[in-house]
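Here is how the chains run, residue by residue.
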Amino acid sequence: MSSLSRDEVANLARLARIEMSEEELVNLASEFTVILEAVARVQEVASADVAPTSHPLPLRNVFRPDVTKPSLTPEEALSGAPASEEQRFRVPQILGEEA
Amino acid sequence: MIRSSAVEMASALAKGEITSVALTQLHFDRIASVDTDVHAFLHLDTDGALAQAAAVDAKRAKGEKLSPLAGIPLALKDVLVQKGIPTTCGSKILEGWRPPYDSTVVTNLKNNDIIILGKTNMDEFAMGSSTENSAYGPTHNPWDLSRIPGGSGGGSAAALAAFEAPLAIGTDTGGSIRQPAAVTGTVGVKPTYGGVSRYGLVAFSSSLDQAGPCARTVLDTALLHEAIAGHDPRDSTSINAPVPNVVAAAKSGDVKGMKIGVVKELNGDGYQPGVRARFDESLELLAKAGAEIVEVSCPNFEYALAAYYLIAPSECSSNLARFDAMRYGLRVGDVDGASAEEVMNLTREVGFGREVKRRIILGTYALSSGYYDAYYGSAQKVRTLITQDFTSAFTKADVLVSPTCPTTAFKIGEKSNDPLAMYLNDIATIPVNMAGIGGMSLPSGVADEDGLPVGFQIMSPVMKDERMYLVGAALEAALLSKWGGPILSKAPSLGGLA
């Protein structure tokens, strides 16, 4: 259980949207054997009667009055865009049809 | 003047002995002479800082009431956005990006007229303990340039130790303020989670990340803490309560009758002899100052590191999904006919470094169906157990203490191929983040065997941050009279410069 194959790492990389070289996949797979063995120790004490904690604070939804406040101009919002067009982000083709 | 504390600089400014413009220029001069060796800074905002300093001088000339740190220079970790100033988080994926807004920490600094000199180096997206994971090259420890300055906030800590700035901002997810402070002989505080706004702090692990103050003295750190802390409606996890009275605590340093709990599990095997010797000596000094030393046990701390390396990567795999090459930052492979997904894959391959990829993949695995309960779910349960350990320990002691790190600064390159050995640096600092409480590291001397600085960690309950400052101030005062001067006077000079 505490190890990952090269193919499993390749699948995770695909899910995480990171292209990886063969060398990276193989290296990560071997590193993960050691890392997973170390982190799997959490299972020693995580018994069913312990409630999980997702956050240090007791979070509640925070509401604010619905009033207009100053915000970024379209130029500012697009200032870091790799490409933009007509006040919009220009992105590569998203759907699979022929361009 | 650059070796003075921020309080001393503020006093010189108030008396008219120096202007903020001159003080700021002195620091830029210092940076020009030492930063080629130290490499604490990624970006300098010379014009902006000098203009800001001139504005403060003008306010002072008009007799306006100014904040205690008005006109004092500061180094800002490159993970907090500042409008118009490059923010890289130590990553290629953000190279050249200039954010269109200020983080709340930056807004608070500007409102207090604190001069922002520039952005400091860090492990990429704050993932690391040595600043070796920066895409822009490592930072060097001013005590020994062949050694790491800690991480992820190695740039901020090194800037303080090299007298490039008297104040700095760090962020701490598993020890990234406290461990660099420990290995550079400086002071760093991770406030209670929610004590300082995370708005405009580029997220690594949202339930653990916390920005905080760094300086060379406990009082300077407290003044900076007060300047940046407070409720912020723009951060839904910001605590809506008054800022703990940290400045008064740092000025008092009265620990008479306080109970100081030594965490049994954060000592012993794996801790360098010189680290343990300095820790024991500090306990004796605190006892002499009137504190009562008790021992406490936190049996679940031994699982904290394992839980951290599941929770932090899980949250990071989600947070770093925003770097998708669509709205800002790097875009690679946008050729005719390339799909958005192909561009994303290529951009993230080129833009992220090794450690960031390692953690994204680990987090993706820990959150994937079939493994979620065994890894992420179990880690969340450990988080509960650690918090319970703290709650129980704080019924026996007002603060808890330990060495900040098991060892002094190691050599650059020594652990970069062994992720687990690197992760072990944070063994004593991680529990604090898991429970969301406050933690401070301050210098407790140098280790006999290598002459390098050792950190003393103080942990306080949620929103009782003032207690760290009481104990820190008491210890600092006792150590100063023992040493006969600040610890950084023991550091070798840089490049022959005093």
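From a predicted model like this one, the values you see are computed outputs, not experimental measurements.

Cut-offs applied
Residues numbered from 1 in each chain as written. Chains lettered and ligands numbered in written order. Predicted model: local features only at pLDDT ≥ 70, side-chain atom pairs only at ≥ 80, totals over all residues. Helix = DSSP H or I, 4+ residues; strand = E, 2+ residues; numbered from the N terminus. Buried ≥ 20, exposed ≤ 12 C-beta atoms within 10 Å, placed from the backbone. Rg over C-alpha atoms; globule rule 2.2 N^0.38 Å. Contact = placed C-beta atoms within 7 Å. Nonpolar A, V, L, I, M, F, W, Y, C, P; charged D, E, K, R; others polar. pLDDT = per-residue confidence, 0-100. Pairing = 2+ DSSP bridges. Axes fitted to C-alpha atoms, helices over the stretch in contact; angles between N-to-C directions. Expected span 1.5 Å × (residues − 1). Parallel < 35°, antiparallel > 145°, perpendicular 65-115°, else oblique.

1. Notes on the overall build of chain A
In step 1: When you go through chain A residue by residue, the secondary structure sums to 3 helices and 2 strands.
In step 2: Listed N to C, the secondary structure of chain A is α-α-α-β-β in terms of helices and strands.
In step 3: In terms of overall dimensions, chain A has C-alpha extents of about 55 × 45 × 25 Å along its principal axes.
In step 4: Sorting the 99 residues of chain A into buried and exposed places 22% on the buried side.

2. Digging into the overall build of chain B
In step 1: For chain B, the count of helices and strands is 16 helices and 11 strands.
In step 2: Since a compact globule built from 498 residues should have a radius of gyration of about 23 Å, the 21 Å found for chain B is in line with a globular shape.
In step 3: Expressed as lengths along the three principal axes of its C-alpha atoms, the size of chain B is roughly 70 × 55 × 45 Å.
In step 4: In chain B, which comprises 498 residues, the proportion classed as buried is 62%.
In step 5: Contacts spanning at least 24 positions in sequence make up 77% of the contacts within chain B whose residues lie at least 6 apart.

3. Topic: the interface of chain B and chain A
As a measure of interface size, the accessible area lost when the parts come together is often cited.
In step 1: Taken together, the contacts link 59 residues of chain B with 44 residues of chain A.
In step 2: Those elements that provide at least two residues to the side of chain B that touches chain A are helix H10 (304–319), helix H11 (340–351), helix H12 (354–366), helix H13 (373–393) and helix H14 (419–423) of chain B.
In step 3: When grouped by side-chain class, the residues that make up the side of chain B that touches chain A number 31 nonpolar, 17 polar and 11 charged.

4. A word on the confidence of the model for chain A
In step 1: The share of residues in chain A with pLDDT of 70 or more is 94%, and the mean pLDDT across the chain is 90.
In step 2: Within chain A, the element-level pLDDT minimum falls on helix H2 (residues 22–39) of chain A, averaging 93, and the maximum on helix H1 (residues 6–15) of chain A, averaging 96.

5. Quick word on helix H4 (residues 104–111) of chain B
Residue and element names in this part refer to chain B.
In step 1: Every buried residue of H4 is accounted for by Thr104, Val105, Val106, Asn108 and Leu109.
In step 2: Next to the buried residues of H4 lie strand E2 (73–77), strand E3 (115–120), strand E4 (167–171), strand E6 (211–215) and helix H7 (218–228).
In step 3: Looking one or two residues past H4, Asp113 carries a phi angle of roughly 60°, positive in sign.

6. Points about unusual backbone geometry
Residue and element names in this part refer to chain B.
In step 1: Looking along the chain, the bond that leaves Gly151 and enters Ser152 is cis, with omega of 10°.
In step 2: For Ser152, the location among the structural elements is in the loop between E3 and helix H5 (154–161).
In step 3: Even without glycine at this site, His39 takes up a positive phi of about 55°.
In step 4: With phi around 60°, Asp113 is a residue other than glycine that occupies positive phi space.
In step 5: Along the chain, Asp113 falls in the loop between H4 and E3.

7. Side note on the pairing of strand E9 (residues 399–403) of chain B
All names here are of chain B.
In step 1: Here E9 lies mainly inside the structure; 5 of its 5 residues are buried.
In step 2: Sheet topology places strand E7 (residues 259–263) next to E9; 3 bridges connect them, and they run parallel. Paired with Ile260 across the two strands is Val399, which belongs to E9.
In step 3: With 4 bridges connecting them, E9 and strand E11 (residues 453–460) associate as antiparallel partners. Opposite Ser402, over in E11, you have Gln457 as the bridge partner.

8. Describing the environment of Glu8 of chain A
In step 1: Looking at the element boundaries, Glu8 of chain A is found in helix H1.
In step 2: For Glu8 of chain A and Phe89 of chain A, which are 81 residues apart along the polypeptide, the C-alpha to C-alpha distance reads 34 Å.

9. A few points about the confidence of the model for chain B
As a note on interpretation, predicted positions should not be read in detail where pLDDT is low.
In step 1: For chain B, mean pLDDT is 96; residues scoring 70 or higher make up 99% of the total.
In step 2: Across the interface, the model reports ipTM at 0.94; the global pTM reads 0.97.

10. Considerations on the sheet that holds E4 of chain B
Residue and element names in this part refer to chain B.
In step 1: The mixed open sheet is built from 11 strands, whose spatial order is E1-E3-E2-E4-E6-E5-E10-E11-E9-E7-E8. What marks the edges here is a single partner per strand, and that holds for strand E1 (41–44) and strand E8 (292–296). Pairwise comparison of adjacent strand axes, ignoring direction, gives a mean angle of 30° for this sheet.

11. A short note on H10 of chain B
In step 1: The first and last C-alpha atoms of H10 of chain B sit 22 Å apart over 16 residues, in line with the 22 Å expected at 1.5 Å per residue.
In step 2: Of all 16 residues in H10 of chain B, 14 are buried; the element is thus mostly enclosed.

12. Some remarks on the packing of H10 of chain B against H12 of chain B
Residue and element names in this part refer to chain B.
In step 1: Look at H10 against H12: their axes get within 7 Å of each other, and the N-to-C directions meet at 100°. In terms of orientation, H10 lies roughly perpendicular with respect to H12. Within the contact between the two elements, H10 uses Leu310, Pro313, Ser314, Cys316 and Ser317 and H12 uses Arg359, Ile360, Leu362, Gly363, Thr364 and Ala366.

13. A few points about the environment of Glu37 of chain A
In step 1: As for its position among the elements, Glu37 of chain A is in helix H2.
In step 2: Judged by the 14 C-beta atoms lying within 10 Å of it, Glu37 of chain A falls in the partly exposed class.

14. A closer look at the packing of H1 of chain A against H2 of chain A
Residue and element names in this part refer to chain A.
In step 1: Where H1 contacts H2, the axes come no closer than 8 Å and their chain directions differ by 110°. As the angle between them shows, H1 and H2 are arranged roughly perpendicular. In this structure, H1 uses Arg6, Val9 and Ala10 to contact H2, whose residues at the interface are Leu25, Val26, Leu28, Ala29 and Phe32.

15. Describing the environment of Pro213 of chain B
In step 1: Tracing the chain through its elements places Pro213 of chain B in strand E6.
In step 2: With residues near it in sequence (within four places) discarded, Pro213 of chain B still touches Ile169, Val189, Thr221, Leu224, His225 and Ile228 of chain B.

16. A few points about the pairing of E6 of chain B
All names here are of chain B.
In step 1: Most of E6 sits inside the fold, with 5 of its 5 residues counted as buried.
In step 2: Sheet topology note: the strand E5 (residues 187–190)/E6 ladder contains 2 bridges and is antiparallel. Counterpart to Val187 in the pairing with E6 is Ala215.

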